[in-house]
Amino acid sequence: MSWEIAISGFGGQGVLFIGRLLMEAGFAAGQEVSWLPYYSGEKRGGMCSCFVNISDERIGSIFITHPDIAVAMNPDAYAMLEPDVKPEGLLIVNESLIKEKSNRLDLKVIYVPMVELARELGDESVSNMIALGAILANAPVVTTSSIIKVLNQMMSKDSAQLEMNKAALLKGCEIS
Amino acid sequence: MTERTLMGGNIAIAEGAILAGCGAYFGYPITPQNDLLEHMSQRMPALGRIFLQSESELAGINMVYGAAATGIRCMTSTSSPGFSLQQEGISYMAGAEVPCVVANIMRAGPGLGNIGGAQGDYKQCTRGGGHGDYYLITLVPASVQEMMDLTMLAFELADKYRNPTLIMADGFLGQSVESIVMREPVKKLPDKNWAITGAKGREKRLINSFEMNPLDHPKRIALLLEKYERMRIDEVRYEGMRLDDAEIVVVAYGSVARAAMTAIKMAQQHNWKVGLLRPITVFPFPYQPLSDLAEKGCKFIVAEMSSGQMLEDVRLAVGSQNEIKLVNTYGGVPLTADQIFEAIDLMI
């Protein structure tokens with residue numbers, strides 16, 4: 001099984017981070033993985049994308065043009081990704097910022113008000129984790145518990161930050 | 001050790017250098033190789049080795065020149081605009097026969113260009129780059145594993161030939177993360193009977209790139225040329241994929257070779273006979289294997305993120321009888337598997 005995943009949004013929305021979590025969890029599951037950041041010169045506000053391969057075979061292209069799973073975090077990302085998701089693929093749309101609806105009938109499209117959901121939890125900056133939860137609820141790419149394991153390794157134990165990220169991840173799983 | 005670990009491409013170069021016994025690193029920050037320098041800034045002092053952030057790339061390469069003349073393994077890393085600044089120092093080191101490793105994590109030029117990955121320094125890396133008659137073995141990794149492995153090899157080749165050796169990788173590969181198998185550290189470094197180590201009790205040694213006598217200088221160059229000829233014979237490296245019955249051969253290196261692998265897989269689904277020749281050294285270039293494929297009647301697609309710089313080498317290898325097409329991007333834009341597949345589709 002091979003998963004090609006593209007996540008895109010503004011720099012600062014945590015696009016690279018959730019890509020990193022997916023790659024780490026895939027690696028822990030014994031899969032071949034690659035992670036490629038793609039961004040412009042701005043530190044915040046510019047376009048930022050992340051391409052992740054998780055596969056049981058040797059990985060070819062590290063750049064992904066036809067993802068199985070795509071996450072659009074802002075309108076530019078939606079315009080870039082929506083036409084190119086593979087047929088039968090999964091598209092996660094940040095409904096808080098993207099007003100468009102997809103006409104593609106060959107996709108599973110999930111609209112998630114990521115910013116509002118993150119705000120309900122008390123921290124808008126975890127909208128990326130809501131998106132990751134939405135992926136996990138709709139595609140068996142890696143398990144939620146494997147992502148939590150990676151989070152536990154990356155963030156200091158019992159910190160508010162760790163708990164907030166976990167809560168957002170579970171919320172994303174729940175509502176999608 | 002066969003345990004796999006996740007690592008970034010730039011970090012794998014740094015760790016490969018450490019495993020190879022690199023004793024001193026000098027460099028100046030530039031995207032997209034910054035994490036290499038940053039990683040070295042933490043690791044080298046912790047190991048009791050030298051890390052120094054120079055005031056410029058020009059200073060950095062001259063620090064490498066000085067330190068490497070004492071016989072320790074040295075390196076610097078940079079990206080295209082910085083690599084241009086280092087040409088004078090590299091030319092001096094080639095002339096003085098002082099080994100070092102330089103990693104050029106290419107971004108788009110000319111000038112300040114753009115921070116996107118590119119392969120536009122091909123000619124600069126494969127044709128010497130600075131002034132004078134010299135060449136540098138240029139290794140072109142296509143995976144994070146090779147970023148480590150070829151860096152270790154680069155130190156061996158640098159010492160073997162007493163010549164600067166290049167790692168040339170595009171910024172996309174430098175910034176990507178993949179799983180790799182860690183290598184064992186090099187245990188014994190070669191003796192250097194030419195190094196400046198203090199002349200007490202022995203004849204003095206002089207390292208320079210200058211000959212006062214105009215009659216002596218050509219002799220010195222002839223020795224260098226003989227060395228480059230040995231490289232051409234002994235150091236050509238490449239990987240072939242599905243070449244046995246290939247009718248079309250894609251020639252690609254670095255991250256583009258990875259996209260080509262995907263494109264070839266797509267072509268296979270149509271039962272098209274398409275193979276890949278992936279240079280691992282671009283100086284010396286694998287002219288002979290390409291020429292052999294041309295003899296067999298193959299057609300060629302050169303895929304690269306430049307205006308067509310490697311294309312010239314493929315033309316030299318193949319001649320004018322066989323069809324050769326270029327598929328490329330430039331200016332910091334990745335070349336995708338789709339684009340390579342389309343080129344194959346057009347040629348079929």
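Numbering of residues starts from 1 in every chain and runs along the sequence as written. Chains carry letters from A onward and ligands carry numbers from 1 onward, assigned in written order. In keeping with the predicted nature of the model, local features appear solely for residues at pLDDT of at least 70, side-chain atom pairs appear and are counted solely at 80 or more, and the whole-chain, interface and lining totals rest on all residues.

> How should the overall build of chain A be read in this particular structure?
Broken down by element type, chain A carries six helices and six strands. In DSSP terms, a helix is any run of H or I states spanning at least four residues, a strand is any run of E spanning at least two, and both are numbered starting from the N terminus. Starting at the N terminus and walking to the C terminus, you meet the elements of chain A as β-α-β-β-β-α-β-β-α-α-α-α. Put simply, the radius of gyration uses C-alpha atoms, and a globule should come to 2.2 Å times the residue count raised to 0.38. Here the C-alpha radius of gyration of chain A, 15 Å, is about what a compact globule of 176 residues would show, namely 16 Å. Structurally, chain A occupies a C-alpha span of about 40 × 40 × 35 Å along its principal axes. Looking at chain A as a whole, 46% of its 176 residues qualify as buried. By the criterion used throughout, residues are in contact when their C-beta atoms, derived from the backbone, lie within 7 Å. When contacts within chain A are restricted to residue pairs at least 6 apart in sequence, long-range pairs at least 24 apart make up 57% of them. Our exposure labels follow a C-beta count within 10 Å of each residue's own C-beta, placed from the backbone: buried means 20 or more other C-beta atoms, exposed means 12 or fewer, and partly exposed covers the counts in between.

> What's the story with the overall build of chain B in this structure? I'm lost.
Along the backbone of chain B there are 13 helices and 15 strands. A globule of 348 residues ought to have a C-alpha radius of gyration of about 20 Å, and chain B, at 20 Å, matches this closely. If one aligns the C-alpha atoms of chain B with their principal axes, the spans along those axes are about 70 × 50 × 40 Å. Expressed as a percentage of the 348 residues in chain B, the buried residues total 53%. Across chain B, contacts joining residues at least 24 apart in sequence account for 80% of those joining residues at least 6 apart.

> Sorry, what's going on with the interface of chain B and chain A here?
Bring the parts together and some accessible area is lost; that lost area is often taken as the interface size. Opposite the 18 residues of chain B that make contact, chain A presents 15 residues. Counting residues per element, the side of chain B that touches chain A draws most heavily on helix α10 (residues 254-268) of chain B, which supplies six residues. The criterion for strand pairing is that DSSP finds at least two bridges linking the strands in question. Looking at chain direction, strand β2 (residues 32-39) of chain A and strand β9 (residues 177-181) of chain B are connected through two bridges and run antiparallel. By the bridge assignment for β9(B), A:S34 is matched with B:E178.

> Explain the sheet that holds strand β14 (residues 299-304) of chain B here, please?
Strand pairing in a sheet relies on backbone hydrogen bonds. The paired strands run either parallel or antiparallel. Residues and elements named next belong to chain B. Ordered by their spatial adjacency, five strands build an open sheet running β10-β12-β11-β14-β15, and the pairing between neighbours is mixed. What marks the edges here is a single partner per strand, and that holds for β10 (238-241) and β15 (324-328). Adjacent strand axes in the sheet meet at a mean angle of 20° when their direction is disregarded. Across four bridges, the pairing between β10 and strand β12 (residues 274-279) is antiparallel. Counterpart to M241 in the pairing with β12 is L276. To obtain an axis, a line is fitted to C-alpha atoms, over the contacting stretch when the element is a helix, and the angle between two such axes runs from 0 to 180 degrees between their N-to-C directions.

> Can you walk me through the environment of B:A14 in this structure?
Residues and elements named next belong to chain B. Positionally, A14 belongs in helix α1 (residues 9-19). Between the C-alpha atoms of A14 and N62, which are 48 residues apart in sequence, the distance is 20 Å. Look past the residues within four positions of A14 in its chain and what remains in contact with it is L36, H39, M40 and R43.

> Help me understand the domain arrangement of chain B in this model?
Residue and element names in this part refer to chain B. Split into domains, chain B comes out as domain 1 (4-234) and domain 2 (238-347). Placing a centre on the C-alpha atoms of domain 1 and another on those of domain 2 gives a separation of 28 Å. Listing elements by their share of the side of domain 1 that touches domain 2, those giving two or more residues are β5 (100-108), β6 (114-117), α6 (122-126), β7 (137-139), β8 (164-170), α8 (171-175) and α9 (217-234). Residues are sorted three ways: Asp, Glu, Lys and Arg are charged, Ala, Val, Leu, Ile, Met, Phe, Trp, Tyr, Cys and Pro are nonpolar, and all the rest, Gly among them, are polar. Class assignment for the residues of the side of domain 1 that touches domain 2 results in 16 nonpolar, seven polar and four charged. Reported domain spans reflect what an automatic or database domain assignment gives.

> Mind showing me how you'd approach the packing of helix α4 (residues 127-138) of chain A against helix α6 (residues 160-175) of chain A here?
Residue and element names in this part refer to chain A. Following both chains from N to C, one finds α4 and α6 inclined at 45°, their axes separated by 6 Å at the closest point. Considering the angle they form, α4 stands oblique to α6. The chirality of how α4 crosses α6 is right-handed. Contact residues: M129, I130, A131, L132, G133, A134, L136 and A137 in α4; N165, A168, L169, L170, K171, G172 and C173 in α6. In terms of residue class, the contact of α4 with α6 is built from eleven nonpolar, three polar and one charged. Any angle from 65 to 115 degrees is called roughly perpendicular, while one under 35 is roughly parallel, one over 145 is roughly antiparallel, and all others are oblique. Each crossing is labelled by how the near helix is turned from the far one, with a counterclockwise turn of less than a right angle marking it left-handed and a clockwise turn marking it right-handed.

> Teacher, can you tell me more about the nonpolar core here?
Proteins that are soluble and globular tend to have nonpolar side chains buried together. Ranked by internal contacts, the top residues of the largest apolar core, which has 167 residues, are A:A131, B:V250, B:A260 and B:I340. When sequence neighbours within four positions are dropped, the list of residues in contact with A:A131 reads A:I18, A:V71, A:M73, A:I92, A:N94, A:V112, A:M114 and A:G172. A set of buried residues drawn from Ala, Val, Leu, Ile, Met, Phe, Trp, Tyr and Cys, joined through C-beta atoms within 7 Å, is what defines a nonpolar core.

> I keep staring at the sheet that holds strand β1 (residues 2-10) of chain A and nothing clicks. Help me out?
Across the sheet, eight strands lie side by side as β6(A)-β5(A)-β4(A)-β1(A)-β3(A)-β2(A)-β9(B)-β1(B); this open sheet has mixed pairing. In the strand order of this sheet, the two ends are held by β6 (108-112) of chain A together with β1 (4-8) of chain B, each with one partner. Strand-to-strand, the axes of this sheet are offset by a mean angle of 20°, without reference to chain direction. One ladder, built from four bridges, connects β1(A) with strand β4 (residues 69-72) of chain A; its direction is parallel. Each bridged residue has a counterpart across the sheet, and for A:I5 the counterpart in β4(A) is A:I69. Its contacts with the sheet put α1(B) on β1 and β9 of chain B, and the angle it makes with β1(B) is roughly 110°.

> So what exactly am I meant to see when it comes to the packing of α1(B) against helix α7 (residues 144-161) of chain B here?
Helices that pack against each other are described as a pair by the angle of their axes relative to one another and the distance between those axes. Residues and elements named next belong to chain B. Two numbers describe how α1 lies on α7: the axes approach to 7 Å, and their chain directions differ by 30°. Judged by the angle between their axes, α1 and α7 are roughly parallel. Here α1 runs over α7; the crossing is right-handed. Mapping the contact onto sequence places G9, A12, I13, E15, G16, A17 and L19 in α1 and V144, M147, M148, D149, T151 and M152 in α7. Taken together, the residues of the contact of α1 with α7 break down into eight nonpolar, three polar and two charged.

> Help me understand the environment of B:A154, please; the structure alone is not making it clear to me.
All names here are of chain B. By secondary structure assignment, the location of A154 is in helix α7. Separated by 145 residues in the primary sequence, A154 and K299 have C-alpha atoms spaced 32 Å apart. In this structure A154 touches V101, L139, T165 and I167, once residues within four positions along its chain are discounted.

> Please explain the pairing of strand β3 (residues 50-53) of chain B as it appears in this structure.
When a strand is regular, its side chains alternate between the sheet's two faces. In the sheet, strand β2 (residues 24-27) of chain B pairs with β3(B) via four bridges, with the strands oriented parallel. The residue of β3(B) that forms the bridge with B:F26 is B:L52.

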